[in-house]
Amino acid sequence: MHLTGFHHLTAVTAHAPQNLAFYTQTLGLRLVKKTVNQDDTSAYHLFYADGAASPGTDITFFDWPVTKERRGTRSVVRTGFRVRSSDTLHYWVERFAERGVAHGGIVDLGGRETVLFEDAEGQRLALVVDGAGEAGHAWEKSPVPAEHQVLGLGPITVSVPELEPTERVLTGLMNMHKMRAYEAAASDARAPGGAATVHVFGMTEAPRTAAEELHVMVEPGAGRSHPGAGGVHHVAFRTPTFEEYDAWAERLREAAVPASGPVDRYYFRSLYFREPGGILFEIATDGPGFAADEPLEHLGDRLSLPPFLEARRAEIESRLKPLGLEQG
């Protein structure tokens, strides 16, 4: 039993219209689900993914009226997106420059060609060449040419103050494998001196793609992060079937790990727990998927609500702010 990659990553924005414009018009992703936080229905929950809303391709955002994140350890510090080639990285460097996106040049980071960049709220992102990965499903209405569109998530980098407790959970509970190490980008390290080592854990012994790699940066001298806009709420890992999901729930129970227990999010089923560094992890199923309540060709066109919230639609819609931008 092993996890098959990242399912999604959920971050925080304080400006949903700006967020929608950046991730669809600049980054070229598809808005595949416009819904609300099921635990706080006053907030949008926006999902951006590839053209087919494939598991493992979506970054999502809660829209909360919060101040900016204070960067530090015990947090997710960089979200990677996989792309096909060096040519694609050159395309993106030019595109970011034209659009005024904060970005660096093409660098070798952990053995892969990478471009680091940020959205307007300081969400730390990266484009990583990973041509061996799944092909991805292009979005025909994207402003980005099909050959340069994002393939999906991965790798994702977290920061912890010490490696050993987190490593025990990753290898002993989550069946990951320690693979290699490299020096972190200076822009990510918060520890005194600006240097940190990143340890790579694969979800299989021989990952096919960076979507199966969690990168753990160790920063013993860094201050603790404080949640806010531009930060990450949690990272979710894929499990393909309901049967394996049930097995993961049992594994967490047997290990006496404090966890949410099974949670049905309608579009997928979830389990939540915190690793020893304090970062919120989720294990989520590939299905039923985002087409459970609207046709694939019309994903994201209207506010979607799971059945248990549908009776409150008028109340919920009355409290949401206009997004001010429609898809292609």
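Above: the structure in question.
Fair warning: this is a prediction, and the values are worked out from it, not measured in the lab.

## Description of the pairing of strand E13 (residues 232–239)
Phase 1 of the analysis: Here E13 lies mainly inside the structure; six of its eight residues are buried.
Phase 2 of the analysis: Where strand E1 (residues 6–13) and E13 come together, five bridges link them in antiparallel fashion. Pairing of Phe6 across the sheet is with Phe237, part of E13.
Phase 3 of the analysis: As paired strands, E13 and strand E16 (residues 280–288) are joined by five bridges and run parallel to one another. Looking across to E16, one finds that Phe237 is bridged to Ile283.

## Focus: the sheet that holds strand E4 (residues 58–63)
Phase 1 of the analysis: Across the sheet, eight strands lie side by side as E2-E3-E4-E1-E13-E16-E15-E14; this open sheet has mixed pairing. Two strands bound the open sheet, and with one partner strand each, they are strand E2 (30–37) and strand E14 (263–264).
Phase 2 of the analysis: Seen against the sheet, helix H1 (residues 16–26) touches E1, E2, strand E3 (40–49) and E4 and runs at an angle of roughly 10° to E3.
Phase 3 of the analysis: Together, E13, E14, strand E15 (268–274) and E16 form the strand contacts of helix H4 (residues 242–254), whose direction differs from that of E15 by roughly 20°.

## With respect to the sheet that holds strand E8 (residues 124–129)
Phase 1 of the analysis: An order of E6-E7-E8-E5-E9-E12-E11-E10 is seen for the eight strands of this open sheet, with the pairing classed as mixed. Among the strands making up the open sheet, the edge pair consists of strand E6 (103–109) and strand E10 (177–183). Averaged over neighbouring strand pairs, the angle between their axes works out to 25° when direction is ignored.
Phase 2 of the analysis: Where strand E7 (residues 112–118) and E8 come together, five bridges link them in antiparallel fashion. Following the sheet pairing, Leu116 is matched in E8 by Ala126.

## A look at the nonpolar core
Phase 1 of the analysis: By size, the foremost hydrophobic cluster in this structure holds 63 residues, and its most contacted members are Phe81, Met174 and Phe237.
Phase 2 of the analysis: The contacts of Phe81, once residues within four sequence positions are left out, are Leu27, Leu29, Ile59, Phe117, Leu125, Ala126, Leu127, Val128, Val150, Gly152, Leu153 and Gly154.
Phase 3 of the analysis: Formed by nine residues, the second largest nonpolar core is a distinct cluster that contains Ala49, Ala53, Ala284 and Leu299.

## Some words on the side chain of Thr79
Phase 1 of the analysis: As for its position among the elements, Thr79 is in strand E5 (residues 75–83).
Phase 2 of the analysis: The contact partners of Thr79, leaving out residues within four places of it in the chain, are Leu9, Ile59, Arg124, Leu125, Ala126, Leu153, Pro155, Ile156 and Val232.

## What about the side chain of Asp50?
Phase 1 of the analysis: Summarising the element assignment, Asp50 is placed in the loop between E3 and E4.
Phase 2 of the analysis: Buried charge Asp50 goes without a salt bridge, the closest partner of opposite sign being Arg30 at 7.2 Å.
Phase 3 of the analysis: Side-chain polar atoms of Asp50 contact the backbone nitrogen of Ala53, separated by 2.9 Å.
Phase 4 of the analysis: Apart from residues no more than four positions distant in its own chain, Asp50 is found in contact with Arg30, Val32, Thr57, Gly136 and His137.

## Here's the deal with unusual backbone geometry
Phase 1 of the analysis: Residue Gly154 is joined to Pro155 through a cis peptide bond whose omega torsion reads -5°.
Phase 2 of the analysis: In the segment running from Gly287 into Pro288, the intervening peptide bond is cis, with an omega of 5°.
Phase 3 of the analysis: Tracing the chain through its elements places Pro288 in strand E16.
Phase 4 of the analysis: Positive phi, normally seen in glycine, also occurs at Arg74, with a value near 60°.
Phase 5 of the analysis: Within the secondary structure layout, Arg74 lies in the loop between E4 and E5.

About the thresholds
Counting from 1, residues in each chain are numbered in the order their sequence is written. Side-chain atom pairs in this predicted model are given and counted only at pLDDT of 80 or more, local residue features only at pLDDT of at least 70, and totals for whole chains, interfaces and linings cover all residues. Note that the side-chain values use all heavy atoms of the structure and ignore hydrogens as well as water. Relative accessibility under 20% of the residue-type maximum defines a buried residue, over 50% an exposed one, and the middle range a partly exposed one, all with a 1.4 Å probe and only protein chains included. Comment: elements are numbered from the N terminus, with helices defined as DSSP H or I runs of at least four residues and strands as E runs of at least two. At least two DSSP bridges between two strands are required for those strands to pair. Note on contacts: a residue pair qualifies if any of its non-hydrogen atoms lie within 4.5 Å across the two residues. Note on method: axes are straight lines fitted to C-alpha atoms, helices fitted across the in-contact stretch only, with angles between N-to-C directions ranging 0 to 180 degrees. In this description, a nonpolar core means a group of buried Ala, Val, Leu, Ile, Met, Phe, Trp, Tyr and Cys residues linked to one another through side-chain atoms lying within 4.5 Å. Charge counting follows a simple rule: Lys and Arg are positive, Asp and Glu are negative, and His as well as the terminal groups are ignored. A carboxyl oxygen of Asp or Glu within 4 Å of a side-chain nitrogen of Lys or Arg is what we treat as a salt bridge. Here a polar contact is taken to be a pair of N or O atoms separated by no more than 3.5 Å, where protein atoms must pair a possible hydrogen donor with a possible acceptor and residues adjacent in sequence count only if both atoms sit in side chains.

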